[in-house]
Amino acid sequence: ILREPVKHLKRASYVFLTKSNGRRDTELEALIQQHNPGVDVIECAHRPQYLQRLDAPAGERIPLAWLKGRKVVAFSGIATPESFEKFLRDLGALIMARERFLDHYRYQSDDLDNLFALAQRQGAECLVTTEKDAVRLEGLELRGLTVGYVPLSVTIEPDRAFAAWLRARLDAAR
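Residues numbered from 1 in each chain as written. Predicted model: local features only at pLDDT ≥ 70, side-chain atom pairs only at ≥ 80, totals over all residues. Heavy atoms only, no water.

1. Some words on the pattern of salt bridges
Quick note on the threshold: Definition used for salt bridges: Asp or Glu carboxyl oxygen within 4 Å of a side-chain nitrogen of Lys or Arg. Strands here are runs of E lasting at least two residues and helices are runs of H or I lasting at least four, both read from the DSSP assignment and numbered beginning at the N terminus. Three labels apply to residues, based on accessible area from a 1.4 Å probe with only protein chains included: buried if under 20% of the type maximum, exposed if over 50%, partly exposed otherwise in between.
The full count for this structure, using the stated rule, is nine salt bridges. Residues Asp40 and Arg169 are paired through a salt bridge, measuring 3.0 Å at the closest nitrogen-oxygen approach. With Asp40 in strand β2 (residues 40–48) and Arg169 in helix α5 (residues 159–173), this residue pair connects regions lying 129 residues apart in the sequence. The class of Asp40 is partly exposed, set by a relative accessible area of 22%. You can call Arg169 partly exposed: its relative accessible area is 30%. The salt bridge partner of Arg174 is Asp171, with a shortest N-O separation of 3.3 Å. Three or more residues are tied together by salt bridges with common partners; here these are Glu82, Glu85 and Arg100.

Structure follows, in structure tokens:
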């Protein structure tokens, strides 16, 4: 999914492909090269780090293995919720229900009430969301179930090749 129209590729000095799984997408790369021949394409991978409870101190991290076999309700207000839900499934979470809100959604108390009720109906043990969404839950009352979020790290793949690529460009700019 491109965040901008294809015609804007010609303006790019570099193209970053996010959420890479390590397999080259030759069709996408051909499209990019068609609109900007010779542009450097850099791949980034997102990796879940741990589960953080919203009502716990920041240093209290729950290992991702805790999600394996747990019944959860996943909710998010991001552009591509499918990737978040896939992370949870890949970690072994049993997604009993999901709620997809609009990107950048501003949560209200009623939303959390509805999510807690949904989780209860589905027999879920906790609610899980993204780090981006967790920030938008601040100040709302959490009652009943655990609400947690999964921070992601972003790595550039392969990192050594990227470091060499970056050094070459910095040296050329001097």
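2. Observations regarding helix α3 (residues 109–122)
Put simply, the test is: In this analysis, the expected span of each helix is defined as 1.5 Å times one less than the number of residues it contains. The arc in question is the one spanned by the directions pointing from the helix axis to the C-beta atoms.
End to end, α3 covers 20 Å across 14 residues, agreeing with the expected 20 Å (1.5 Å per residue, within 8%). For α3, the set of buried residues is Asp111, Leu112, Leu115, Phe116, Leu118 and Ala119. Looking down the long axis of α3, one finds its buried residues gathered within 160 degrees of arc, a one-sided arrangement. Every exposed residue of α3 that faces more than 90 degrees away from the buried side is listed here: Asp110, Asn114, Gln120 and Arg121. Positive phi appears at Gly123, one or two residues downstream of α3, with a value of about 75 degrees.

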